[in-house]
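Here is what each chain is made of, one letter per residue.
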Amino acid sequence: MREIRILICLLMMSISGIVNAQSIYLDTTKTLDERVNDLVSKLTLDEKVHQMMNVSPAIPRLNIPEYDWWNEALHGVARGGVATVFPQAIAFGATFDDKLINQVSTAISDEARAMYNAAQADNYHLRFDGLTFWTPNINIFRDPRWGRGQETYGEDPYLTATIGVAFVTGMQGNDPKHLKVAACAKHFAVHSGPERLRHVFNAQASSKDLYETYLPAFKALVNAHVEAVMCAYNRTNNEPCCGSNLLLDSVLRDQWHFKGHVVSDCGAIADFYMGHHVVPGQPEAVALAVKHGVDLNCGDEYPALVEAVKRGLITEKEIDAALSTLLKTRFKLGMFDPKGSSPYDKISTDVINSPEHRQLAKQVALESIVMVKNNGVLPLRNDLPKYFVTGPNAANEGALIGNYYGINPQMTTIMEGLASGISPASEMQYKQGILLDRPNANPIDWTTDDAKASNVTFVALGITGLLEGEEGEAIASPNFGDRLDYNLPQNQIDFLKKLRAGNKNKIVAIITGGSPMNLAEVQELADAVLLVWYPGEEGGHAISDIVFGKVSPSGRIPVTFPKSLDQLPVYENYSMKGRTYRYMTAEPMYPFGFGLSYTSFAYSPLKLSAAQVKKNITVQAESIVTNNGKTEADEVVQLYITNPDDGENPLFSLKGFKRVHLKPGESQNVQFALTPDILKSINDDGKAIQLAGNYHVYIGGSLPTKRSEDLGMPKCADAILKVK
């Protein structure tokens with residue numbers, strides 16, 4: 001028997017040697033195109049179309065193993081095992097710190113490579129073991145009802161583009177010959193709910209809104225050489241996004257010259273005939289998708305390409321072109337190279353959840369926490385006699401992770417983090433007090449008396465992934481993950497009222513969630529309010545450092561919190577009129593860019609290098625920011641532009657930001673370049689033009705509105721630039 005096994009092994013080695021000798025695709029001295037063309041030439045039509053599906057089967061005769069293209073890494077490697085769980089993506093936006101997010105994505109891709117290397121060593125080829133990550137989500141969070149808004153970087157195109165580019169470059173690495181991993185910009189395009197209707201919905205967007213709001217972040221990532229783009233489920237302006245002549249042919253390939261591959265959202269091609277009814281059946285659907293440049297099918301529809309070829313709906317040559325584009329990604333990842341050819345082959349599992357990565361996760365949480373109210377309560381002493389922790393999210397790990405998450409054996413809840421921060425002489429008690437979203441079945445209350453007997457009560461409220469998220473994941477949501485009720489669950493408000501009634505001691509509200517919510521009563525009842533998003537594995541420790549004054553809060557809100565949904569257009573309306581800080585005229589609860597600190601900052605008068613210029617001239621804008629308080633802290637300096645009023649331009653547009661760290665009394669001169677591109681407007685035809693007239697320029701720590709000042713932000717420095 002042993003001799004037979006040896007003979008079989010020798011035979012396999014012999015066959016492998018023959019294959020290698022005859023295979024240009026395995027020759028690393030050949031060009032990428034030569035290698036790809038050689039491999040495609042060796043495949044049958046049936047093999048070709050199966051290699052264009054996310055579950056690409058093995059081809060034993062060519063020694064090609066099975067590969068699943070589906071992997072996730074929204075805020076850490078997800079669904080693939082133990083990994084560092086960073087704060088949710090919306091918190092990335094709240095940092096206004098692209099350099100930090102580049103460090104995060106570098107860490108994520110290191111862990112991804114380490115996990116892949118380990119899986120390969122054990123000959124595992126499971127879903128979520130690969131190197132092609134369908135991240136980031138750079139859709140615009142245009143409406144707070146969208147349950148997946150938490151996956152985005154907020155409502156602003158510039159912020160989204162800047163954070164998105166930082167994320168992609170960190171993920172893909174800087175080796176000239178190999179990708180570390182392949183990132184993917186999704187969901188292209190004009191996609192942000194309703195979640196329940198995504199398989200049938202037609203998003204209508206004007207050319208102005210397309211090129212001013214919905215497309216800029218995608219263009220920025222294409223310019224940063226993102227390897228893949230995922231087309232969305234819905235239709236945009238009557239065309240299915242995964243079969244769109246406008247989006248895929250005209251914009252992505254022709255205008256932007258995108259060279260990577262396009263992947264469908266999962267099941268989106270079946271929606272052509274089951275949801276959108278633009279074609280009669282599967283052969284027509286797959287032909288339409290491939291003809292418009294969808295190279296990879298997440299789903300099981302592409303085997304119908306064989307029938308489509310027989311019926312003359314598509315040619316094998318067109319299929320070859322799509323497969324060639326797709327396979328280039330696998331070659332760039334080194335999947336057909338000898339082990340050790342890529343520098344990333346050497347990344348070991350020591351990096352996974354390393355102390356350095358845990359510290360990085362904590363830093364993101366620290367920089368993303370937004371203090372929206374403080375009547376002088378915070379920061380707290382950590383040696384008060386008695387603290388009380390309560391609320392449905394205080395000891396809830398689900399309140400740390402959001403959606404598209406990894407797992408970790410060292411999650412730190414809010415309660416655990418607060419407990420780690422107090423003096424050994426102090427007392428701390430915990431009771432959950434209430435359920436997340438419904439009244440207690442047991443009416444006995446052992447909580448409010450504990451609160452009255454404590455110097456400080458921390459109440460952890462808000463929402464979790466049970467109430468907001470993707471279509472099938474938010475299992476407590478009656479609206480398929482969307483939040484059509486803007487309010488916090490009523491039982492939470494009632495609970496906070498009970499805690500406040502007759503209680504003169506301090507109450508600090510800690511709010512989790514990934515989207516705007518009605519916090520009006522929380523703002524009124526609590527002495528201080530912290531918005532912590534889904535803060536990740538080190539969230540509890542970060543919150544502790546904030547409340548006990550080790551670090552001053554510095555996060556900024558990346559998405560407007562309206563006072564009510566009555567201030568917004570209907571959810572299904574994709575016009576930007578009345579939406580986000582750029583077009584919303586009603587006074588919000590919390591404006592975009594807002595966030596309080598433990599210190600106070602002041603801005604000197606804004607100086608321009610020229611007060612009047614001709615078009616296409618760059619102007620320098622600068623202001624000196626000073627820490628006038630007694631606490632060292634970060635300030636997020638923001639640049640806003642108001643273009644000449646033509647009746648259609650945004651009220652304000654974020655065009656730059658810089659995070660600076662200042663000690664008490666310290667100042668820093670912050671400069672921004674007002675380039676011609678920054679000063680351009682988008683007209684009704686979707687064209688970028690520079691108008692003559694007065695441009696209002698603002699530099700400050702928040703959106704330059706009265707509401708920001710009323711909530712405690714310093715007045716922005718401003719000036720007028722006249723362009724002839």
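Up top is the structure these notes are about.
First, a word on scope: everything that follows refers to the structure included in this document. (Residues numbered from 1 in each chain as written. Predicted model: local features only at pLDDT ≥ 70, side-chain atom pairs only at ≥ 80, totals over all residues. Heavy atoms only, no water.)

Let us now look at the overall build of the chain. Check the secondary structure of the chain and you find 22 helices and 25 strands. Whereas a compact globule of 724 residues would reach a radius of gyration of roughly 27 Å, the chain reaches 27 Å, a difference of no more than 12%. In terms of its C-alpha atoms, the chain occupies a principal-axis envelope of roughly 80 × 75 × 50 Å. Counting over 724 residues, the chain shows a buried share of 61%. In the chain, of all internal contacts separated by at least 6 residues, the share reaching a separation of at least 24 is 77%. With the model as given, the accessible surface of the chain reaches about 27,100 Å², and the carbon-plus-sulfur share is 52%. In the chain, which carries 68 positive and 81 negative side-chain charges, the distance between the mean positions of the two groups comes to 4 Å. (Helix = DSSP H or I, 4+ residues; strand = E, 2+ residues; numbered from the N terminus. Rg over C-alpha atoms; globule rule 2.2 N^0.38 Å. Buried < 20%, exposed > 50% of the residue type's maximum accessible area, 1.4 Å probe, protein only. Contact = heavy atoms within 4.5 Å. Areas by Shrake-Rupley, 256 points an atom, 1.4 Å probe, with all protein chains shown as cover. Lys, Arg positive; Asp, Glu negative; His and termini not counted. Charge placed at Lys NZ, Arg CZ, Asp CG, Glu CD.)

Pairing within the open sheet is parallel, and its 3 strands lie in the order β3-β5-β8. This sheet does not close on itself; its edge strands, each paired only once, are β3 (184-188) and β8 (261-264). Averaged over all pairs of adjacent strands, the angle between strand axes in this sheet comes to 25°, irrespective of strand direction. As defined by bridge partners, strand β5 (residues 228-231) adjoins β8 across 4 bridges and the pair is classed as parallel. Its bridge partner lying in β8, C231 is registered against S264. (Pairing = 2+ DSSP bridges. Axes fitted to C-alpha atoms, helices over the stretch in contact; angles between N-to-C directions.)

Attention now goes to the state of the cysteines. Using the criterion set out here, one finds 2 disulfides in the structure. Here C231 connects covalently by a disulfide to C242, the sulfurs 2.1 Å from one another. A torsion of 105° about the S-S bond marks the disulfide between C231 and C242 as right-handed. In this pair, C231 is assigned in strand β5 and C242 in the loop between β7 (239-240) and α9 (245-255), connecting sequence segments 11 residues apart. Residue pairing for C266: its cysteine sulfur links by disulfide to C298, the two sulfurs lying 2.0 Å apart. Every disulfide takes its handedness from the sign of the S-S torsion; for C266 and C298 that torsion is 85°, giving right-handed. Here C298 lies in the loop between α11 (282-291) and α12 (305-310) and C266 lies in the loop between β8 and α10 (271-274), a separation of 32 residues in the sequence. Here C298 falls in the buried class, since its relative accessible area comes to 2%. Shown here for the chain is a disulfide pattern of 1-2, 3-4, where each number marks a bonded cysteine counted in sequence order. (Disulfide = S-S within 2.5 Å.)

Let us look at the nonpolar core. The biggest cluster of nonpolar side chains holds 129 residues, and the ones touching the most others in it are F188 and Y302. With 9 residues, the single largest contributor to this core is helix α5 (residues 98-121). Residue contacts for F188: discarding those within four places in its chain leaves L215, F218, V229, M230, C231, A232, C241, L247, L248, V251, L252 and W256. Counting 74 residues, the second-largest nonpolar core is a separate cluster that includes L467, A526, V559 and L711. (Core = buried A, V, L, I, M, F, W, Y, C linked by side-chain atoms within 4.5 Å.)

All right, on to helix α13 (residues 316-332) then. Taking 1.5 Å of rise per residue, the 17 residues of α13 would be expected to cover 24 Å, and the 24 Å separating its terminal C-alpha atoms lies within 8% of that figure. In this fold, the buried residues of α13 make contact with α2 (32-41), α3 (45-50), β2 (67-68), β8, α11 and α12. Positive backbone phi, approximately 80°, marks G334, located one or two places after α13. (Expected span 1.5 Å × (residues − 1).)

Tallying each qualifying case throughout the model produces 23 aromatic pairs. Plain terms: the ring middles of Y590 and F594 are 5.9 Å apart, the flat faces sit at 10° to each other, and that makes the pair stacked. Residue class for Y590 comes out buried when judged on its relative accessible area of 0%. Taking the relative accessible area as the measure of exposure, F594 reaches 0% and is therefore buried. Against the face of F672 rests K658, its NZ or CZ located 5.0 Å from the ring centre. (Phe/Tyr/Trp six-rings, centres within 6.5 Å; stacked < 30°, edge-to-face > 60°. Lys NZ or Arg CZ within 6 Å of the ring centre and 35° of its normal.)

Turning our eyes to something else, we now look at the side chain of S708. Within the secondary structure, S708 sits in helix α22 (residues 706-710). When sequence neighbours within four positions are dropped, the list of residues in contact with S708 reads P591, S702, L703 and M713.

Per the counting criterion, the structure on display carries 5 cavities of 30 Å³ or more. A volume near 60 Å³ is recorded for the largest cavity. Contributing to the lining of the largest cavity are E66, Y67, D68, Y116, Q120, Y124, H125, L126, D129 and G130. Taken together, the elements giving at least two residues each to the lining of the largest cavity come down to β2 and α5. When the residues that make up the lining of the largest cavity are grouped by side-chain class, the tally is 4 nonpolar, 3 polar and 3 charged. (1 Å grid on protein atoms, 1.4 Å probe; cavity = no way out; pocket = protein on both sides within 12 Å on 5 of 7 lines; lining within 4 Å. Points joined across faces, edges and corners; volume = space filled by probe spheres on them. Nonpolar A, V, L, I, M, F, W, Y, C, P; charged D, E, K, R; others polar.)

Let's shift gears to the sheet that holds strand β6 (residues 235-236). In spatial order, the strands read β4-β6-β7; together these 3 strands make up an open sheet with mixed pairing. Each of the sheet's edge strands pairs with one partner strand only, and the pair in question is β4 (202-203) and β7. As paired elements, β6 and β7 share 2 bridges and run antiparallel to each other. Bridging across to β7, R235 finds its partner in P240.

Attention now moves to the packing of α5 against helix α6 (residues 157-172). In contact at an axis separation of 7 Å, α5 and α6 are set at 30° when each is read in the N-to-C sense. Crossing of α5 against α6: the hand is right-handed. Residue-level inspection shows D98, I101, N102, S105, T106, I108 and S109 of α5 in contact with α6, the latter providing T162, I163, A166, F167, T169, G170 and M171. For the contact of α5 with α6, the per-class residue count stands at 6 nonpolar, 7 polar and 1 charged. (Left-handed = near helix turned anticlockwise from the far one by under 90°.)

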